[in-house]
Amino acid sequence: MAAIEMRNIVKKYGDGFPAVNDVSIDVEDGEFMILVGPSGCGKSTLLRMIVGLEDITSGDMVIGGKRVNALAPRDRNLAMVFQNYALYPHLSVFENIAFPLRLAGRPESEVESKVRDASKTLELDEHLQRKPGNLSGGQRQRVAMGRAIVRDADAFLFDEPLSNLDAKLRGQMRTEIARLQKRLGITTVYVTHDQTEAMTLGDRVAVLRRGVLQQLATPRELYTQP
Ligand code: ADP
Ligand code: ADP
């Protein structure tokens, strides 16, 4: 069973041309799936429909074998990592990672152990008392991922997480994300318009154009196909 099944997904805004037009993609358990294509091709819309931030016009979204079309974002157990990381500047790294657990009213002992485990995995255990403002871009990204990890999310979703960074940092972060995802083995859907990110990060790459799925292949297959 695929972790995320998109079945004939259509999205129309108003009565215009469909932003997403009959797209079917299976994301396997633990797979790193890239959604790539030029601006306006529908990749963010598709990602937002997975998370539940956008209604589906027709088709089925199935997550962990369960149809989720009508489920609110908070009931989907997914973790979206935003472009700006959305960290709380006045809270320590520890409290930033702990935030979803606090929100859910988890007991202190559980908060402690989950934050410690996540920060070890992410090599943040030396920085738990610092504020996000004193961290590097790479460390901030890891704090954002830590917040996702402690929720035991079924999948990570990234919407152009590197597009605001300069070229050097972007290269470092690309390596970092690839390494973390391999270590964690968590299902990931990653939106980008950057060919290099698509070809280096993805187990498979879904190429969208004007809302239509044009290709779905491994990077190696895409290199050797015309
Ligand atoms: P991408 O992420 O590939 O740049 P989007 O999913 O943001 O593409 O947009 C796909 C299409 O849907 C575009 O034509 C865009 O203008 C349109 N669109 C996106 N969001 C909205 C919205 N909230 N209302 C109307 N049209 C939208
Ligand atoms: P509410 O909808 O109750 O006002 P929020 O919008 O802050 O509150 O979201 C509540 C919960 O919904 C979050 O704890 C989270 O589980 C989920 N959620 C909201 N937005 C996202 C997102 N972009 N990615 C993943 N989960 C989300």
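Residues numbered from 1 in each chain as written. Chains lettered and ligands numbered in written order. Predicted model: local features only at pLDDT ≥ 70, side-chain atom pairs only at ≥ 80, totals over all residues. Heavy atoms only, no water.

Of the regular secondary structure elements, the chain holds 7 helices and 10 strands. Over its C-alpha trace the chain gives a radius of gyration of 18 Å, about what one expects of a compact globule, namely 17 Å for 226 residues. Taken along its principal axes, the extent of the C-alpha atoms in the chain is 50 × 40 × 30 Å. Per-residue burial for the chain yields a buried fraction of 50% across its 226 residues. Residue pairs in contact within the chain that sit at least 24 positions apart in sequence constitute 67% of those at least 6 positions apart. For the chain, the computed accessible surface area is about 11,000 Å², with 47% contributed by carbon and sulfur atoms. (Helix = DSSP H or I, 4+ residues; strand = E, 2+ residues; numbered from the N terminus. Rg over C-alpha atoms; globule rule 2.2 N^0.38 Å. Buried < 20%, exposed > 50% of the residue type's maximum accessible area, 1.4 Å probe, protein only. Contact = heavy atoms within 4.5 Å. Areas by Shrake-Rupley, 256 points an atom, 1.4 Å probe, with all protein chains shown as cover.)

It is worth spelling out the environment of Ala 206 at this point. Checked against the element boundaries, Ala 206 lands in strand 9 (residues 204-209). Take Ala 206: its relative accessible area is 0%, and that puts it in the buried class. A sequence separation of 172 residues divides Ala 206 from Ile 34, and the C-alpha atoms of the two residues are 5.9 Å apart. Setting aside its immediate chain neighbours within four residues, Ala 206 contacts Ile 25, Met 33, Ile 34, Leu 35, Val 36, Leu 213, Gln 215 and Leu 216.

Our next topic: the sheet that holds strand 2 (residues 20-27). Read from one edge to the other, the open sheet built from 4 strands follows the order 2-1-4-5, with strand pairing classed as antiparallel. For this open sheet the edge positions go to strand 2 and strand 5 (66-67), each flanked by a neighbour on one side alone. Relative to strand 5, strand 4 (residues 58-63) runs antiparallel, the two being bridged by 2 bridges. Each bridged residue has a counterpart across the sheet, and for Ile 63 the counterpart in strand 5 is Lys 66. The strands that helix 1 (residues 43-51) touches are strand 1 (4-11), strand 2 and strand 4; relative to strand 1, the one it contacts most, it runs at about 125 degrees. (Pairing = 2+ DSSP bridges. Axes fitted to C-alpha atoms, helices over the stretch in contact; angles between N-to-C directions.)

Turning our eyes to something else, we now look at the pairing of strand 3 (residues 32-36). By the criterion of burial, strand 3 is predominantly enclosed, with 5 of the 5 residues buried. Residues of strand 3 alternate between two faces, with Phe 32, Ile 34 and Val 36 on one and Met 33 and Leu 35 on the opposite face, all of them buried. Looking at chain direction, strand 3 and strand 8 (residues 187-192) are connected through 5 bridges and run parallel. Each bridged residue has a counterpart across the sheet, and for Ile 34 the counterpart in strand 8 is Tyr 190. Two elements, strand 3 and strand 9, share 4 bridges in a ladder whose sense is parallel. Residue Ile 34 lies in a different strand from strand 9, and its bridge partner there is Val 205.

A few words on the site of ligand 2. In the vicinity of ligand 2, the residues found are Val 51, Leu 53, Pro 73, Arg 74, Leu 78, Met 80, Phe 82 and Arg 151. Met 80 is positioned with one of its backbone polar atoms (N or O) 3.5 Å from a nitrogen atom of ligand 2. One nitrogen or oxygen atom from the side chain of Arg 151 is found 3.1 Å from an oxygen atom belonging to ligand 2. Broken down by class, the residue content of the shell around ligand 2 amounts to 6 nonpolar, no polar and 2 charged. (Near = heavy atom within 4 Å. Polar contact = N/O pair within 3.5 Å; in protein donor to acceptor, adjacent residues only side chain to side chain. Nonpolar A, V, L, I, M, F, W, Y, C, P; charged D, E, K, R; others polar.)

This paragraph deals with the confidence of the model for the chain. Taken as a whole, the chain shows an average pLDDT of 91; of its residues, 98% reach a score of 70 or greater. Across the interface, the model reports ipTM at 0.68; the global pTM reads 0.83. (pLDDT = per-residue confidence, 0-100.)

Once that is clear, we can look at the site of ligand 1. Tyr 13, Ala 19, Pro 38, Ser 39, Gly 40, Cys 41, Gly 42, Lys 43, Ser 44, Thr 45 and Arg 48 make up every residue found near ligand 1. Between ligand 1 and the protein, one listed contact pairs a nitrogen atom with a side-chain N or O atom of Tyr 13 at 3.4 Å. Within the backbone of Gly 40, an N or O atom sits 2.7 Å from an oxygen atom of ligand 1. Relative to its free-state accessible area of 550 Å², ligand 1 is covered by the protein chains to the extent of 55%. Residue composition of the shell around ligand 1, grouped by class: 4 nonpolar, 5 polar and 2 charged.

This next bit is on the packing of helix 3 (residues 108-121) against helix 4 (residues 137-150). Helix-helix packing is characterised by the crossing angle of the two axes and by the distance between the axes. Where helix 3 contacts helix 4, the two axes come as close as 9 Å, and the packing angle between them is 135 degrees. Taken as axis vectors, helix 3 and helix 4 run oblique relative to one another. The element helix 3 and its partner helix 4 pack so that their crossing is right-handed. Judged by residue contacts, Lys 114, Val 115 and Ala 118 of helix 3 engage Gly 146, Ile 149 and Val 150 from helix 4. For the contact of helix 3 with helix 4, the class distribution of residues is 4 nonpolar, 1 polar and 1 charged. (Parallel < 35°, antiparallel > 145°, perpendicular 65-115°, else oblique. Left-handed = near helix turned anticlockwise from the far one by under 90°.)

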